Amino acid sequence: MTTFKAALVREQNVTFAVVMVKDHVFNSPSTSDDLIRSVSVAMRCPLVVLMGESNRKLRGNRQDVVNFVARVHPSRLPWKNWTI
């Protein structure tokens, strides 16, 4: 089992997940891509944005969703702990 902090968001008829990750995970493109695919399947949510834990950088599988998340302060997201 794995536990992670994520927010499942529905905005403008689009549902997406924002997942908080350690910066070293975010900084590895191949690890990030693998994690996006895994989270997408586990959360049954095809759109995923990763957010670096301390650097707050963003990476996702759809740029318009990444751009939207960039305009939202992290404290406004509905974070909760997920276990898969």
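In this text, all values refer to a predicted model and were calculated from it rather than measured experimentally. (Residues numbered from 1 in each chain as written. Predicted model: local features only at pLDDT ≥ 70, side-chain atom pairs only at ≥ 80, totals over all residues. Heavy atoms only, no water.)

Visitor: I would appreciate a short explanation of the pattern of salt bridges in the present structure.
Guide: Think of it this way: side chains of opposite charge can pair up when their charged atoms draw near. If you walk through the whole model with that rule in mind, you get three salt bridges. The partner of Lys 22 in a salt bridge is Glu 53, with the nearest N and O atoms 3.2 Å apart. Here Lys 22 is found in the loop between β2 (14-21) and α1 (23-26), whereas its partner Glu 53 is found in the loop between β3 (48-52) and β4 (58-60), with 31 residues between them in sequence. Judged by relative accessible area, which is 46%, Lys 22 ranks as partly exposed. The salt bridge involving Arg 62 is made with Asp 64; its shortest N-O contact spans 2.7 Å. Of the residues examined, Arg 62 reaches a relative accessible area of 35% and is grouped as partly exposed. By relative accessible area, which is 43% here, Asp 64 ends up partly exposed. (Salt bridge = Lys/Arg side-chain N within 4 Å of Asp/Glu carboxyl O. Helix = DSSP H or I, 4+ residues; strand = E, 2+ residues; numbered from the N terminus. Buried < 20%, exposed > 50% of the residue type's maximum accessible area, 1.4 Å probe, protein only.)

Visitor: Got a minute to help me understand the side chain of Asp 23 in this structure?
Guide: Tracing the sequence through the fold places Asp 23 in helix α1. Comment: no salt bridge for buried Asp 23; closest opposite-charge side chain is Arg 56, at 7.2 Å. One polar contact links the side chain of Asp 23 to the main-chain amide nitrogen of Glu 53, over a distance of 3.1 Å. The residues contacting Asp 23, other than those within four sequence positions of it, are Gly 52, Glu 53, Ser 54 and Asn 55. (Lys, Arg positive; Asp, Glu negative; His and termini not counted. Polar contact = N/O pair within 3.5 Å; in protein donor to acceptor, adjacent residues only side chain to side chain. Contact = heavy atoms within 4.5 Å.)

Visitor: Any chance you could explain unusual backbone geometry here in plain terms?
Guide: A negative phi angle is the norm for most residues apart from glycine, just as the trans form is the norm for most peptide bonds. Of note, the phi angle at Gln 12 is positive, near 50 degrees, even though the residue is not glycine. By the element assignment, Gln 12 lies in the loop between β1 (3-11) and β2. Look at Gln 12 and you get exposed, because its relative accessible area is 66%.

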